Amino acid sequence: FVKTTKEYLVFVDAFCYQSSAIDIIAKLISKLEQRKSKEVIPKVLIFYRENQNSKNVHYVKENILAKIKPELEIDLIVSELQPSAGQDAFHNRYILNDCGGILLPYGFDLSDEDCETDEAIILSKENYNKRWGQFVDNLSFNLVNQA
């Protein structure tokens with residue numbers, strides 16, 4: 001999926017500031033080296049929800065960049081968001097790119113428990129367009145901080 005990225009690779013997870021999620025996101029970003037179209041430097045957007053335990057956007061960005069090869073050219077933007085009143089809840093986890101989207105119900109964390117499994121679900125065109133609109137075209141959440 002990541003290899004099909006042309007211009008945008010978007011990660012949405014309310015808790016993707018956690019170290020295990022950062023590890024997974026960095027591994028997926030590293031797959032951009034193998035993408036088919038390399039005409040444009042990809043924009044990698046990461047969104048997480050503000051809460052009392054969330055890490056600073058600069059911390060998240062620096063940790064991701066430290067885990068990928070420095071020669072991999074990307075435009076990385078990390079954003080901490082707060083849901084707006086009357087807007088969609090910020091709870092589902094997604095990976096989006098120019099070609100489509102995937103829902104990851106459990107998120108980007110890994111579990112050491114054999115009994116804990118998850119599915120990657122391809123978004124319908126309608127749901128993909130909705131999420132693309134919420135996070136890329138017209139941010140539907142309050143921006144708290146960005147790096």
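Worth saying up front: this structure is predicted, and the values here are computed from it rather than measured.

The buried fraction of strand β2 (residues 43-49) amounts to 5 of the 7 residues, a majority that puts the element mostly inside the structure. As paired elements, strand β1 (residues 8-12) and β2 share 5 bridges and run parallel to each other. Paired with Val10 across the bridge in β2 is Leu45. Between the parallel pair β1 and β2, the chain is carried across by helix α1 (residues 19-30), and the sense of this crossover is right-handed. Looking at chain direction, β2 and strand β3 (residues 75-82) are connected through 7 bridges and run parallel.

Quick look at the pattern of salt bridges now. Applying the stated criterion across every chain, the model contains 4 salt bridges. With a shortest N-O distance of 3.2 Å, Lys67 and Asp23 are connected by a salt bridge. On the criterion of sequence distance, the pair formed by Lys67 in helix α2 (residues 57-67) and Asp23 in helix α1 is long-range, its members being 44 residues apart. Taking the relative accessible area as the measure of exposure, Lys67 reaches 42% and is therefore partly exposed. A relative accessible area of 31% places Asp23 in the partly exposed class.

Cut-off values and rules
Residues numbered from 1 in each chain as written. Predicted model: local features only at pLDDT ≥ 70, side-chain atom pairs only at ≥ 80, totals over all residues. Heavy atoms only, no water. Buried < 20%, exposed > 50% of the residue type's maximum accessible area, 1.4 Å probe, protein only. Helix = DSSP H or I, 4+ residues; strand = E, 2+ residues; numbered from the N terminus. Pairing = 2+ DSSP bridges. Right-handed = clockwise from strand over helix to strand, strands pointing away. Salt bridge = Lys/Arg side-chain N within 4 Å of Asp/Glu carboxyl O.

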